[in-house]
Structure formats: C-alpha cells, structure tokens
Amino acid sequence: MHELDVTSGRNMHLIDPHLTIWGWEIPVYLFLGGLVAGILFFSAFYFLRGKADEMPATVRLAPLFAPVLLGLGLLALFLDLEYKRHVFRFYTNIRLESPMSWGSWTLAVIFPLSVIWAALHLERVFPQWRWPWPWLAGLVRFVKEQARVVAWLLIVYAALLGMYTGILLSAFNARPFWNSAILGPLFLVSGLSTGLALNLLLSRNEKEKHTLARLDVTAISVELFLIIHLFMGFLASTQVHIDAARLFLGGPYTAAFWVFVVGLGLLLPAAIELLELRGKILATRIPALLVLLGGLLLRFIVVEAGQVSQWSLALTK
Amino acid sequence: MPRYGMVIDTKRCVGCADCVVACKTENNVPDGFCRDWIVQDVRGAFPNLQMEIRSERCNHCENAPCVRCCPTGASYIEDGGIVLVNHDECTGCKACIASCPYDARFVHPEGYVDKCTFCIHRVQQGLDPACVAVCPTKCMHFGDLDDPNSEVSKLLASRPHHALLPEAGTQPKVFYLN
C-alpha cells in the first residue's frame, strides 16, 4: 500500500485535485490556429503553383475566412489570460526557450499576413468591391506585386503556427500525456486536414473537390499513423507515460477518443471520401464536417487529458 | 554567490503545519491558496507501516521548467538560485503552472502567478525563511548548498536523503533527510 495525503489541506483553484488551468479557450484556439494554418498553407501553396483558377475556393475564397477565424482564436487566447491588462508583455521580450514566446511572435507575424493575403483576394472574389481610400487601393496594388513573397512567408509561418500548437503542449514534461514529440506533427497534420475540410465545404468546383478529398485522405492516414505512434511511444516509455496512455486505453477518455475522434473524426470521413473518389457514392459535405468536429474534439481531449495526467500521486490530493 | 537550498528532517517533522501558517502570515497568501503544504506518505501493509511526513513547496529547481517555458521572462532565477515571479511581467498565461511537476504554483486572485519565494525578503536580511524560523521541532534547515561548512551541506553529507521527483529532470533544491 502507498497512501499520500495532504494533511494541511490543499484545494487550490485551477490546481487541485488536478489541473484545470486551461478550459475551453485553449482547445478552441488550438483548433482555430491549426485550421487557419491549413487554410493559409494550401492557399499559398496552390497560388505559388499557379493553380489559382483551378482551385478558386482553396486559393482565393478560404483565405477570406482566415483573419476572422484567427481573430476569434486570438480572442479565445486573450480570454484565457488571468492578467489580461499585461497582455502586451508577450511583446516586450523574446524568449527562445519558450514555445509560447515563439507562438506569440509567430501570431504577431501571421495575423497581419493573413489580413494582407485576404485583401489581395477580395477583389477577385467580390468583383464589385472598392477600397474606400485611394491610398489603401494603392497599398493593396503594391502588395499584389509582391504576392509571391507573401505566399512564401505564409508557407513558412503557417507551418510554424500548425507545429507550434502541438509543440506548446509537448514541451511540458510535467504533464506526461503532452510530453511527446509526436504532438507537434500530429497537430500540424490535423490542422492541414481541417483546412482541407473547410476548403471542401467552400468549393463549388468538382475537380478542386476531387483534389482536396484526395489530399484529405492522405492527411487522415498520416494522422492515424501518428496517433498509433503516439501511443506506442507512451507504452514503451516510463510508468507515468504508460499511465497517461492508459487514460485512453481503458481509462476515462477511451470511448470519447476512439469513437468520436478516431472513428467519427478520422476513419469514417476517410472511408466516405474514398468511396466518393471512386464514384461509389455522391459527394456530400458530411466528411468535411466530421473532420472539423473531430479536429475540435481532438484538441479538447488532448488539452484535458494532459492536465489530468501527472508525474506523481504525491500530488493527487 | 550562494546556492540556496532547504533540508528537511522527516525524522523530526510531526506535520504540525506551523510552517504552512507562518508562510500564509508572512507572505499574505490569499485564502484558499498555499505556498507550502504537508504531505503524509504512508507505505506498507498493517502492521508494518512506514510513514514519512514532508513539508513541501517550490523546489527552486536548478533546471527550472517554469523559467524555461515562461514567454515573457516573468519567471526567473534570482541571485542565489531562488526561482521568482516578477508580477509586473506576468500575463497569467499559466504555462509555468503546467510545466511544474510539483504543482507548486497557483494563480493569485489579482491575476499573476504566485509561489514560494524562499522568503527572499527575509533571506536578504540574513534571516531564515518564515517556515524554517517557526518550526517547533527544528526539522527545517536553510542555507548555502555550495558552502561545505553550512548546516544544510553538513546534513546532506552526513545523512541519507532524497529529493522529490528527481526523475523529472528538474534538479530540485529541497532535500528530505530519510
């Protein structure tokens, strides 16, 4: 028997009996950040490949949503802060060792980039659109001439944004379930997949939808591969990591994760997309919606499970 | 520059929680929160039980994950190796709380993150931290781990001891005499 009691009493808000520091705000931000990373990455990628006319929803339409979605994500991040009037402190220092510092500076670059990128495509999507001031129209014209530079920057920063959302969590050694290097690539690929799903919802072009669905099946396959590796890594690691994996292998998150995230969020949409691609069934919006819901749920579950997993029962009050 | 650490004799500690009360009083710790706490660790099967009572707090780790993950530099290591939070630079992002395997940090009701400071305001005046000063069984010792003649160094040299979760790689500086 091994029993640990805190005899002086401890029931601190957000800390005991296990962490509850990050509620809905962080998973929502991680989801929106990943989604925007996906949107911007594919938009810039196909723009650079000269496929703007073949893939109009991906290159021109989806980026119009990016600044709005990212803005909502940033609002969620802000709402999570406990000392809101000190938010500017993220930008009075650069801390190379802190993933969150990397993330805040990445956001400071990619948010304006997403606004610029959306502005460049506004006139093509809405032909009657007129910029209110001549200087603004001139500015947009100037940036349009540099569109390829903006696109390359977007590719780099979208990858950084997508990776960072996972690396942020994996850097916390104190929370065994987060402490896996797989989380960075997993969140990046999941973000790309949700970006493709949004493009699928927006597209009216059969050829584009076909390309997007094929890419999405690939992304989902990679995600499944990474999820298997995540658990293999935990099970081959120390006791605390094995305990963390068990939260999902018989523990409280088993059903939610394997049924909703893996089953309904990955396997089912991949299967439907494969059948659609082979012309066996009519293409619908169902797989894209499932991918988006699965991506959101993945982040909710990972954020919560990480806070439940811990190093020592000594601190299980 | 000293390298401050704490040595707690679990053979002498009776778990009276005077250290907890002294800390709350000295540092105006808000209601519902604590910077130190008492753990009663019981192992074995009746009647062969073994009990260790520990006064726990921030371990002022040498390799402090809270300092590494802080995005603003609010969490830092002060001279003497004391891990502190500069309230003015803290955003309340809670990354440091997530990074601490000891769960030694909390959000102060005013918004910033708070924790044990080894009573640096007392240490700078040559006094012991409040918890050490009030201990009725004199089981707590504070001093320079780098000075071989300090009380803490002598105790660590002469008695078997352990730290908490050394496997987390944090290199804690609060030691418990077995």
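Before any of the text, the structure's been laid out above.
Criteria and thresholds
- Residues numbered from 1 in each chain as written.
- Chains lettered and ligands numbered in written order.
- Predicted model: local features only at pLDDT ≥ 70, side-chain atom pairs only at ≥ 80, totals over all residues.
- Helix = DSSP H or I, 4+ residues; strand = E, 2+ residues; numbered from the N terminus.
- Rg over C-alpha atoms; globule rule 2.2 N^0.38 Å.
- Contact = placed C-beta atoms within 7 Å.
- Buried ≥ 20, exposed ≤ 12 C-beta atoms within 10 Å, placed from the backbone.
- Pairing = 2+ DSSP bridges.
- Axes fitted to C-alpha atoms, helices over the stretch in contact; angles between N-to-C directions.
- Core = buried A, V, L, I, M, F, W, Y, C linked by C-beta atoms within 7 Å.
- Parallel < 35°, antiparallel > 145°, perpendicular 65-115°, else oblique.
- Left-handed = near helix turned anticlockwise from the far one by under 90°.
- Nonpolar A, V, L, I, M, F, W, Y, C, P; charged D, E, K, R; others polar.
- Bend = angle between axes of the 7 residues up to and from the residue.

> Just to check I follow, could you spell out the overall build of chain A for this structure?
Along its length, chain A carries 11 helices and 1 strand. Reading chain A from its N terminus to its C terminus gives the helix and strand order β-α-α-α-α-α-α-α-α-α-α-α. Against the globule reference of 20 Å for 317 residues, chain A gives a C-alpha radius of gyration of 21 Å, in line with a compact fold. Its C-alpha atoms give chain A principal-axis dimensions of roughly 75 × 55 × 25 Å. The long-range share in chain A, meaning contacts at least 24 apart out of those at least 6 apart in sequence, stands at 76%.

> Quick question: what am I supposed to make of the overall build of chain B here?
Per the secondary structure count, chain B includes 6 helices and 10 strands. Sorting the 178 residues of chain B into buried and exposed places 47% on the buried side. Put simply, 55% of the contacts in chain B that link residues at least 6 apart link residues at least 24 apart.

> Please explain the sheet that holds strand E9 (residues 161-163) of chain B as it appears in this structure.
Two modes of strand pairing occur in sheets, parallel and antiparallel, and in both the strands are linked by backbone hydrogen bonds. Residues and elements named next belong to chain B. Pairing is mixed in the open sheet, where 4 strands are placed in the order E8-E1-E10-E9. Among the strands making up the open sheet, the edge pair consists of strand E8 (140-144) and E9. Along the sheet, successive strands turn relative to each other by an average axial angle of 25°, direction set aside. Across 3 bridges, the pairing between E9 and strand E10 (residues 174-177) is antiparallel. Directly across from His162, in E10, lies its bridge partner Tyr176. Across the face of the sheet, helix H6 (residues 151-158) comes into contact with strand E1 (4-9), E8, E9 and E10 while running at roughly 110° to E8.

> How do you make sense of the nonpolar core when you look at a structure like this?
Taken as a class, soluble globular proteins show a tendency for nonpolar side chains to be buried jointly. Ranked by internal contacts, the top residues of the largest apolar core, which has 147 residues, are A:Val36, A:Leu40, A:Ala158 and B:Met140. Residues contacting A:Ala158, with those up to four places away along its chain left out, are A:Ala37, A:Leu40, A:Phe41, A:Ala44 and A:Ile110.

> I'm lost on unusual backbone geometry in this one. Help?
Peptide bonds are trans in most cases, and residues, glycine excluded, mostly fall at negative phi. Put simply, A:Asp16 and A:Pro17 share a cis peptide bond, and its omega is -5°. Here the residue pair B:Phe46 and B:Pro47 is connected by a cis peptide bond, since its omega of 5° sits within 30 degrees of zero. One non-glycine residue with positive phi stands out, namely B:Phe118, at about 55°. Looking at where B:Phe118 falls in the secondary structure, it is placed in the loop between strand E7 (113-114) and helix H4 (120-123). With a phi angle near 55°, B:Lys138 is a residue other than glycine that sits in the positive phi range. For B:Lys138, the position within the fold is in the loop between helix H5 (130-134) and E8.

> Sorry, what's going on with the packing of helix H1 (residues 25-48) of chain A against helix H6 (residues 147-170) of chain A here?
Between two packed helices, both the angle of their axes relative to each other and the distance between the axes serve to describe the pair. Residue and element names in this part refer to chain A. Between H1 and H6, whose axes approach to 8 Å, the crossing angle comes to 150°. It follows from the interaxial angle that H1 and H6 lie roughly antiparallel. Remark: the crossing between H1 and H6 carries left-handed chirality. Between H1 and H6, the residues in contact are Leu30, Gly33, Gly34, Val36, Ala37, Leu40, Phe41, Ala44, Phe45, Phe47 and Leu48 and Arg148, Ala151, Leu154, Ile155, Ala158, Ala159, Leu161, Gly162 and Thr165, respectively. Residues that form the contact of H1 with H6 fall into these classes: 15 nonpolar, 4 polar and 1 charged.

> How should I be thinking about the interface of chain B and chain A in this particular structure?
Many analyses report the size of an interface as the accessible area lost when the parts associate. The interface is formed by 43 residues belonging to chain B together with 40 residues belonging to chain A. When contributions to the side of chain B that touches chain A are tallied by element, the ones reaching two or more residues are strand E2 (36-45), helix H2 (65-69), helix H3 (95-99) and strand E6 (106-107) of chain B. A total of 9 residues in the side of chain B that touches chain A trace back to one element, the largest contributor, which is E2(B). Bridge count between strand E1 (residues 2-6) of chain A and E2(B): 5 bridges; the pairing is antiparallel. Note on E2(B): the bridge partner recorded for A:Glu3 is B:Val42.

> Would you explain helix H10 (residues 254-277) of chain A in this entry?
Given 3.6 residues per turn, any residue in an α-helix points the same way as the ones three and four places further on. Residue and element names in this part refer to chain A. Of all the bends found along H10, the most pronounced is centred on Gly263 and spans about 45°. Those residues of H10 that sit buried are Phe257, Val261, Gly265, Leu266, Pro269, Ala270, Ile272 and Glu273. Buried residues in H10 make contact with helix H8 (206-235) and helix H11 (286-308). Once H10 finishes, Gly279 follows within two positions and takes phi at roughly 75°, a positive value.

> For this particular structure, what's the right way to read the sheet that holds strand E3 (residues 48-57) of chain B?
What the 3 strands build is an open sheet, ordered E1(A)-E2(B)-E3(B); its pairing is antiparallel. Strands with a single pairing partner mark the edges of an open sheet, and in this sheet they are E1 of chain A together with E3 of chain B. Each adjacent strand pair in this sheet contributes to an overall mean axis angle of 20°, direction not counted. Contacts between helix H1 (residues 18-27) of chain B and the sheet are confined to E2 and E3 of chain B, with E2(B) contributing the most and set at about 160° to the helix.

> I would appreciate a short explanation of the environment of B:Pro101 in the present structure.
If you trace the backbone, B:Pro101 turns up in the loop between H3 and E6. Taking the number of C-beta atoms within 10 Å as the measure of exposure, B:Pro101 has 26 and is therefore buried. Counting along the chain gives 64 residues from B:Pro101 to B:Leu165, while the straight-line C-alpha distance between them is 7.9 Å. Every residue in contact with B:Pro101, bar those within four places of it in the chain, is listed here: A:Ala174, A:Trp311, B:Leu165, B:Ala168 and B:Thr170.

> I keep staring at the packing of H1(A) against H11(A) and nothing clicks. Help me out?
All names here are of chain A. Viewed as axis vectors pointing N to C, H1 and H11 meet at an angle of 140°, and their least axial separation amounts to 8 Å. In this view, H1 runs oblique relative to H11, as classed from their interaxial angle. Between H1 and H11 the crossing geometry is right-handed. In contact with Ile26, Pro27, Leu30, Phe31 and Gly34 of H1, H11 contributes Gly295, Leu296, Arg299, Phe300 and Val303. When the residues that make up the contact of H1 with H11 are grouped by side-chain class, the tally is 7 nonpolar, 2 polar and 1 charged.

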